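# Analysis of the macromolecular model
Spelled out from the first residue to the last, the chains are:
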Amino acid sequence: MTIPATESKPVSTKATRNIRVYSTLSGRKEPMQTVQPGKVGIYLCGPTVYKPSHIGHMVGPVIFDVIKRYLTYCGYQVTLVVNVTDIDDKLIHESKNRGLTMPALAEEMTADYLRNLAAMGVDTIDHFPRATANIDGIIRFTQGLIDKGFAYVSDGDVYFEVGKDSGYGKLSRRSVEAQQGEGGEMAARKRAPGDFALWKGAKAGEPAWDSPWGKGRPGWHIECSVMSHAILGKTFDIHGGGLDLVFPHHENEIAQSESLHGQPQAKYWLHNGLMQAADEVGKVGGRQTRGADAAQLGADQQAQTAAKISKSKGAGPFRELLAKHAPEAIRLLLISTHYRSPILFSEDEIVRNAEKLETFYRFFKRYQRLTGEDVYTLPAARSAAEGDFSSGDDPLLVELARQRAAYLDKMDDDFNTAGAIGHLFEIVTALNRYVEERKLEAALKAGDEERAALRRGALVVRELGGILGLFRQAPKAPAAGGDELVGKLVGLLIELRNEARKTKNFAAADKIRNELAAMGVKLEDRAGGTDWSIAK
RNA sequence: GGCGCUGUAGCCAAGUGGCUAAGGCAGCGGAUUGCAAAUCCGCCAUCGUGGGUUCGACUCCCACCAGCGCCUCCA
C-alpha cells in the first residue's frame, strides 16, 4: 500500500507514556501510578523447586521480563523480584523419594530453573530470594501477626485467623464462609476451616527450624509476604503470578501482609494465563469445534479438552524442549498471546513461531547484503526518548514512525504484546516494500539516502524487538548447517549448477536444486549469487 | 454447586458501540524469476447460540452451549 501524500507528515511519539494495567483486585484496567515517582517494584511468584521446570514455569518470567523491559524503556527504574520456594511439603516428599536431603534437591532444581531462564534470555530479574534464607524474617512476621491478634498458636502450629480480616476474599471474590479448608488432622487444630498455616510444627524427620512455638517450618504463602516486604517494602507496585495462584496463595498473602502492615501490599495484581496442553487434536482452549470434525469427535466421544500443563503429560522437562527448539521461537510463542489469556501449547506451535521469526531473519540478511552492516551490531535505542526520530516527509520514515507509535500504544495498553507484534511485522513489510520498489537487490547496493532509510528501519526493528527480548543476538545456526564440509560441498554444487544455468542446461540445474531441497538444503538465486540455507 | 476467565476466518491471534474487524501461517490470483525460492501487490471472517437494550452491537445486558482455572497444601 502506498502512503497517500497528504498523510506524509511528521509523526512523533510522546516521551512520557500513559500505561494502563489490568489488576485482578479491581477487575479492570487502571492507569499505572507508581508508589515512588520513576520507580517500579515488581514481585513475581516463582516456583517451588521440587521438580525440573516445565514450559509452564517460563510463562510468568518471560512475560514479566518483557514488562520490565518495557517499563525500563519508558524510563522507569524497575526492580524485579522472583522468589524461589525451597521449603514445602512437595520438596519434603520428593527428597525422600529420591534419597536426597531437601537442600540438595532444592539446589539441583533451582539450578535447573535458573539455567532455563538464562536460556530463554530472561536476565532482568534482580533478586531471587529463597524461603529458607528468610526464616528469621518469617518468624518475626508471624509473631507480629500473633501480637496483633490475627494469628493464633495451636499445638505447635500457627494459623492465620481468616475471620479477623475483614478484607479477606477481596482478590478472589470469595466469602470466608465459602472456605471449606482442608480436612484431616490440621482441621482439628483450626478455629475455622479457612484458617491457614503460617508455621507448621515439625514432624519427625522433617526439616525444622527453632521458633517461639517449637521446632517447625514455614507454611506456604508466608515467605512471599516476608520477602516482598523485605526487598520492595510494605506497599509496592506490581505483584504478579499465574492465574492459579489467585486463590489461595495471593489471597492469603494479602491477608497476612495487610493485616500486619495496615496498608495495601501491592497496587496492582497481574495474573498471567496458564499454559495448556492439548489432549486431543483440534481446537481447544475454550473454542467450539464445529463442522465435520465435531461430528466425528462427538461420535467417538473424543471431545478434545485442554488442561493446565502442570497437570498434563505435556509438562516434560523444559530442558528437553530447549534441546529441540530455538529459545527465541519459544519466547515468541509465549508473547504472541495476551498475557492474561491461556496459551495452548504444542511443539507444532513452537515450529510455527520459529517460521514467523524467519521473516525477520531474512530481512536482517537482506539488510546486510544491501548495506554491509550487521543488524545485531546496530546501536538500538533503549528508551522511548532515545528511539524518537524525526520522520520528515519521507513516506518510509513516516510509516516507520507511525507503526512504532502504534506499537508503543499497544504496549501501553496492559502490555499487549500480541497486538504490538503485528506492527513489528508491518514494519518489516514496509522495509521490504521499499527495497522492492527501488529495486535495491538488483542494484546489489543501496545509495546513501537509501542506506540511511533502511538503517532507521533496522534500528526500529531492533529497538521494538528488544522490548520483547527478541533480536538481541543472532540466532545460532542449526548444528548440521555449521559443518564446514557440508558448506564446501553445497558450495561446489551451487557452482556446478550455476555453470549449467549459464549454458541453459536447466534440467541439470533443477536437478541439483531439487535434490538438495529433498535433503533440506534450500537455494535462493539473486542478483549477487546463490544463497543456501538448511531448512528447519 | 460457588467464584473467575475464555469462545473472532482452515489454523494461531489482536481489536472496536457506527469509517475498510490488526498481524502471522495455510490457500488463491498477479508482479518478479529460465523455472523456483525469497520479496512485493491483491483476494480470503459479520465475530459460540438465542434473546434484549440501542437510531445502530461483534463490542453493553440476560439466558444457554462449550472449554479452562481456582474452591487449601490431598495424591
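Note that the structure is predicted; figures quoted are calculated from it, not measured.

Right, let's get into the overall build of chain A. Along the backbone of chain A there are 18 helices and 15 strands. Counting every position in chain A, which comprises 536 residues, the buried fraction comes to 49%. Taking the contacts inside chain A whose residues are at least 6 apart along the sequence as the reference set, 74% of them involve residues at least 24 apart. Accessible surface, chain A as shown: approximately 25300 Å² in total, 51% of it carbon and sulfur.

As a further point, take the packing of helix α13 (residues 395-412) against helix α14 (residues 417-437). At their nearest, the axes of α13 and α14 sit 8 Å apart, and the two run at 170 degrees to each other. Considering the angle they form, α13 stands roughly antiparallel to α14. In contact with L396, E399, L400, Q403, R404, A406, Y407, K410 and M411 of α13, α14 contributes T417, G419, A420, H423, L424, E426, I427, A430, L431 and Y434. Among the residues forming the contact of α13 with α14, the class breakdown is eleven nonpolar, four polar and four charged.

Here we take up the side chain of D195. In this structure, D195 sits in the loop between α5 (184-188) and β7 (196-201). The side chain of D195 is buried and forms no salt bridge, while R191, the nearest opposite charge, is found at 6.2 Å. Look past the residues within four positions of D195 in its chain and what remains in contact with it is Y152, Y159, F160, E161, V162, G163 and K190.

With that out of the way, let us pick up the sheet that holds strand β6 (residues 157-160). Judged by pairing direction, the sheet is antiparallel, and its four strands sit side by side in the order β5-β6-β7-β8 without closing on themselves. With one partner strand each, in any of the chains shown, β5 (151-154) and β8 (216-218) form the two edges of the open sheet. Between one strand and the next, the sheet's axes are offset by a mean angle of 20 degrees, whatever the strand orientation.

A few words now on the packing of aromatic side chains. If you walk through the whole model with that rule in mind, you get 13 aromatic pairs. Look at F150 and F160: their rings are 6.3 Å apart centre to centre, the planes differ by 5 degrees, and that puts the pair in the stacked class. Of the two residues, F150 sits in the loop between α4 (135-147) and β5 while F160 sits in strand β6, which places them ten residues apart along the sequence. The pair F150 / F160 is uniform in exposure class, with both members buried. Judged by centre distance (4.9 Å) and plane angle (45 degrees), the ring pair of F360 and F471 falls under tilted. Here the residue F360 occupies a position in helix α11 (residues 347-371), and F471 occupies one in the loop between α16 (448-467) and α17 (484-502), the gap between them amounting to 111 residues. As far as the burial class goes, F360 and F471 line up, both buried.

Let us now look at the pattern of salt bridges. Applying the stated criterion to the full structure yields 31 salt bridges. As a salt-bridge pair, R130 and E107 come within 3.4 Å of each other at their nearest N and O atoms. One end of the pair, R130, is in the loop between α3 (102-119) and α4; the other, E107, is in helix α3, and 23 residues separate them in sequence. What makes R130 partly exposed here is its relative accessible area of 29%. E107 gets classed as partly exposed once you look at its relative accessible area, which sits at 45%. Between R404 and E463 there is a salt bridge, with its nearest N and O atoms 2.8 Å apart.

Once that is clear, we can look at the nonpolar core. For soluble globular proteins, the rule of thumb is that nonpolar side chains tend to be buried together. Ranked by size, the top nonpolar core spans 86 residues in total, and within it L71, L334 and F471 carry the most contacts. With ten residues, the single largest contributor to this core is helix α1 (residues 56-73). When residues of this core are assigned to domains, at least three fall in each of domain 1 (20-148 + 221-272) and domain 2 (350-467). Among residues more than four places away in sequence, those in contact with L334 are I55, M58, V59, V62, M120, M275 and I343. Counting residues in hydrophobic clusters, the runner-up holds 20 residues, among them L145, I146, F150 and W199.

The N-to-C vectors of α11 and α14 enclose an angle of 35 degrees; their axes lie 11 Å apart at closest approach. As α11 runs across α14, the sense of the crossing is left-handed. Packed against α11, whose contacting residues are K356, T359, F360, F363, R366 and L370, the element α14 presents L424, F425, V428, L431, N432, V435 and E436 at the interface. Among the residues forming the contact of α11 with α14, the class breakdown is eight nonpolar, two polar and three charged.

With four bridges connecting them, β5 and β6 associate as antiparallel partners. Note on β6: the bridge partner recorded for S154 is D157. Connecting β5 to the next strand, β6, in antiparallel fashion are two residues, including D155 with a positive phi near 55 degrees.

Turning to the environment of Y367, a few remarks are in order. Within the element layout of this structure, Y367 appears in helix α11. With a relative accessible area of 1%, Y367 lands in the buried category. Along the primary structure Y367 and L454 are separated by 87 residues, whereas in three dimensions their C-alpha atoms are 7.5 Å apart. The residues contacting Y367, other than those within four sequence positions of it, are G372, E373, V375, L378, L454, R455 and A458.

Our next topic: the sheet that holds strand β9 (residues 236-242). Reading across the sheet, the four strands line up as β4-β3-β9-β10 and stay open at both edges, with parallel pairing between neighbours. Of all strands in the sheet, those with a lone pairing partner are β4 (77-82) and β10 (266-272), marking the two edges. Looking at each pair of strands side by side, their axes are set apart by 20 degrees on average, direction ignored. In terms of strand pairing, β9 meets β10 through six bridges, oriented parallel. Its bridge partner lying in β10, G241 is registered against H271. The strands that helix α6 (residues 222-232) touches are β3 (39-44), β4 and β9; relative to β3, the one it contacts most, it runs at about 160 degrees.

About the criteria used
- Residues numbered from 1 in each chain as written.
- Chains lettered and ligands numbered in written order.
- Predicted model: local features only at pLDDT ≥ 70, side-chain atom pairs only at ≥ 80, totals over all residues.
- Heavy atoms only, no water.
- Helix = DSSP H or I, 4+ residues; strand = E, 2+ residues; numbered from the N terminus.
- Buried < 20%, exposed > 50% of the residue type's maximum accessible area, 1.4 Å probe, protein only.
- Contact = heavy atoms within 4.5 Å.
- Areas by Shrake-Rupley, 256 points an atom, 1.4 Å probe, with all protein chains shown as cover.
- Axes fitted to C-alpha atoms, helices over the stretch in contact; angles between N-to-C directions.
- Parallel < 35°, antiparallel > 145°, perpendicular 65-115°, else oblique.
- Nonpolar A, V, L, I, M, F, W, Y, C, P; charged D, E, K, R; others polar.
- Lys, Arg positive; Asp, Glu negative; His and termini not counted.
- Salt bridge = Lys/Arg side-chain N within 4 Å of Asp/Glu carboxyl O.
- Pairing = 2+ DSSP bridges.
- Phe/Tyr/Trp six-rings, centres within 6.5 Å; stacked < 30°, edge-to-face > 60°.
- Core = buried A, V, L, I, M, F, W, Y, C linked by side-chain atoms within 4.5 Å.
- Domains from an automatic or database assignment.
- Left-handed = near helix turned anticlockwise from the far one by under 90°.

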